[in-house]
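Overview (structure and organization)
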Amino acid sequence: MSNQTIEALRGHPIVTGFHDEPTGSIQYVVADPGTKRCAIIDPVLDFDPKSGATATRSADALLAHIEREGYELEWILETHPHADHFSAAGYLHDKTGVPTAIGEKVVDVQQLWKGLYNLPDKFRTDGSQWDRLFADGERFRIGDLDVEVMFTPGHTLASIAYRIGDAAFIHDTLFMPDSGSARADFPGGSAHALWRSIQRIMVLPDETRLFTGHDYRPDRRAAAWESTVARQRAENPHLVETPSEEAFVRMREARDRELPMPKLILHSLQVNIRGGRLPEPEPNGRRYLKIPLDALDGAAWGE
Ligand SMILES: [Fe+2]
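Everything numeric in this text was worked out from a predicted model, so none of it was measured.

Here we look at the overall build of the chain
- For the chain, the helix and strand inventory stands at nine helices and 15 strands.
- Whereas a compact globule of 303 residues would reach a radius of gyration of roughly 19 Å, the chain reaches 19 Å, a difference of no more than 12%.
- Dimensions of the chain, computed from the C-alpha atoms along their principal axes, are close to 65 × 45 × 35 Å.
- Looking at the chain as a whole, 53% of its 303 residues qualify as buried.
- Counting only contacts in the chain whose residues sit at least 6 apart along the sequence, the fraction spanning at least 24 positions is 66%.
- With the model as given, the accessible surface of the chain reaches about 13900 Å², and the carbon-plus-sulfur share is 50%.
- The averaged location of the 46 negative side-chain charges in the chain is 2 Å from the averaged location of its 34 positive side-chain charges.

Okay, here's the thing in structure tokens:
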């Protein structure tokens with residue numbers, strides 16, 4: 001057994017995924033079986049764009065699971081600022097006092113979207129909306145589990161993956177092996193960077209359990225979120241059919257040109273660059289979202 005394999009097997013976290021049907025997002029609770037300490041990864045704040053209603057049902061379900069299992073929450077982790085749902089990190093932090101964290105490059109995403117939304121000067125783009133900003137290669141612990149942060153940009157310029165023992169939370173890099181890879185065409189995205197991030201994941205030990213950030217249930221199969229490095233390498237068409245960076249980028253960019261923007265990109269980024277907090281209320285006590293017009297390419301007339 002190689003040193004790398006021995007190191008990977010040193011920790012075997014208990015992972016529970018929660019699939020959010022409206023957005024196809026997977027939220028995770030990852031726990032150390034020894035100490036019962038745990039982290040939440042990528043929690044969802046419910047939002048109904050038709051009525052403008054928000055709710056905390058999904059986030060509360062994570063807390064209920066943690067209580068039921070007798071876990072103690074130690075971290076609220078995000079892999080990137082999401083473009084398809086609101087993050088519940090702010091809500092969960094306010095409710096539990098547990099620290100939140102995201103990748104350090106989130107400051108660049110804040111800067112970019114502060115411009116797009118024309119946010120006031122007082123909106124801080126220093127990442128202070130989170131308790132901790134992680135750099136590539138940084139390590140921390142969940143109970144006795146060692147966590148390594150891997151900078152894995154491409155889908156966004158700030159994306160990170162969390163490698164925890166024999167598991168890796170790879171967000172929007174690869175989806176399930178029947179579903180290819182994530183898009184890389186949002187502001188700050190890069191198909192080249194995504195390819196290189198995927199290669200970093202593919203050199204993890206074959207048996208590494210990979211937990212993806214989304215599942216859109218092709219052909220209405222049951223929602224799924226766990227694969228392995230070996231399975232991805234053997235089955236994922238975006239690895240098998242486009243095995244070079246050049247071929248992958250050509251395929252990815254052609255596909256992305258066909259995709260309409262996610263329904264909630266303009267709704268969600270203004271919340272997610274605030275660490276999952278809704279905009280401040282106006283003098284009448286009500287909160288409002290702001291939608292910039294003609295700021296993004298990707299109009300899909302008729303869809
Ligand atoms: Fe995403």
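Quick word on the sheet that holds strand S10 (residues 139-142)
- Reading across the sheet, the six strands line up as S10-S11-S12-S13-S14-S15 and stay open at both edges, with mixed pairing between neighbours. Both edges of this open sheet fall to S10 and strand S15 (226-228), since each of them pairs with a single strand only. Adjacent strand axes in the sheet meet at a mean angle of 30°, parallel and antiparallel pairs treated alike.
- Direction of pairing for strand S13 (residues 167-171) relative to strand S14 (residues 209-212): parallel, over a ladder of four bridges. Looking at the pairing, alanine 168 lines up with leucine 210 of S14.
- In the packing of helix H5 (residues 191-202) onto the sheet, the strands contacted are strand S11 (145-151), S13 and S14, and the crossing angle to S11 comes to about 150°.

With respect to the coordination of the iron ion
- Distances from the iron ion to its protein donors, namely His80 (NE2), His155 (NE2) and Asp172 (OD), fall within the range 2.1 to 2.3 Å.
- Read in sequence order, the donor residues coordinating the iron ion give the pattern H-x74-H-x16-D. Here aspartate 172 lies in the loop between S13 and H5 and histidine 80 lies in the loop between strand S6 (72-77) and strand S7 (86-87), a separation of 92 residues in the sequence. Per residue, the accessibility class of histidine 80 equals that of aspartate 172, and both read buried.

Thoughts on the pattern of salt bridges
- Inspection of every chain in the model, using the stated rule, returns 21 salt bridges.
- When the shortest N-O distance is used, the salt bridge between aspartate 215 and arginine 221 registers 2.8 Å.
- In this structure, arginine 250 engages glutamate 246 in a salt bridge whose closest nitrogen and oxygen atoms are separated by 3.5 Å. Highlighted residues: arginine 250 and glutamate 246, both in helix H8 (residues 245-258), separated by four residues, approximately one helical turn. Like arginine 250, the residue glutamate 246 is exposed in the burial classification.

Section: the pairing of strand S12 (residues 160-164)
- Counting buried residues in S12 gives five out of five residues, a clear majority hidden from the surface.
- Along S12, one buried face is formed by Ile160, Tyr162 and Ile164 and the opposite face, lined by Ala161 and Arg163, is buried too.
- One ladder, built from five bridges, connects S11 with S12; its direction is antiparallel. Paired with valine 147 across the strands is isoleucine 164, a residue of S12.
- In this sheet, S13 lies alongside S12 in antiparallel orientation, the contact comprising three bridges. Bridge assignment links isoleucine 164 to a residue of S13, and that residue is alanine 167.
- Taking the residues that link successive antiparallel strands as the turn, the S12-S13 hairpin has two residues, and the phi of glycine 165 there is positive, at about 60°.

Re the sheet that holds strand S5 (residues 53-55)
- Spatially, the three strands line up as an open sheet ordered S5-S4-S7, and their pairing is antiparallel. Bordering the open sheet on either side are S5 and S7, each of which pairs with just one other strand.
- The pairing of strand S4 (residues 44-48) with S7 spans two bridges and is antiparallel. Counterpart to leucine 45 in the pairing with S7 is phenylalanine 86.

Some points on the UniProt feature "domain: Metallo-beta-lactamase" (unreviewed entry) in the chain
- The UniProt entry lists residues 24-214 under the feature "domain: Metallo-beta-lactamase" (unreviewed entry), expressed in the numbering used here.
- Taken as a whole, residues 24-214 contains 24% helix and 31% strand, while its terminal C-alpha atoms sit 5 Å from one another.

Cut-offs used in this document
Residues numbered from 1 in each chain as written. Predicted model: local features only at pLDDT ≥ 70, side-chain atom pairs only at ≥ 80, totals over all residues. Heavy atoms only, no water. Helix = DSSP H or I, 4+ residues; strand = E, 2+ residues; numbered from the N terminus. Rg over C-alpha atoms; globule rule 2.2 N^0.38 Å. Buried < 20%, exposed > 50% of the residue type's maximum accessible area, 1.4 Å probe, protein only. Contact = heavy atoms within 4.5 Å. Areas by Shrake-Rupley, 256 points an atom, 1.4 Å probe, with all protein chains shown as cover. Lys, Arg positive; Asp, Glu negative; His and termini not counted. Charge placed at Lys NZ, Arg CZ, Asp CG, Glu CD. Pairing = 2+ DSSP bridges. Axes fitted to C-alpha atoms, helices over the stretch in contact; angles between N-to-C directions. Donors = N, O, S within 2.8 Å, 3.2 Å for Na, K, Ca; no water. Salt bridge = Lys/Arg side-chain N within 4 Å of Asp/Glu carboxyl O. UniProt positions renumbered as here; feature names shortened; annotations may be inferred.

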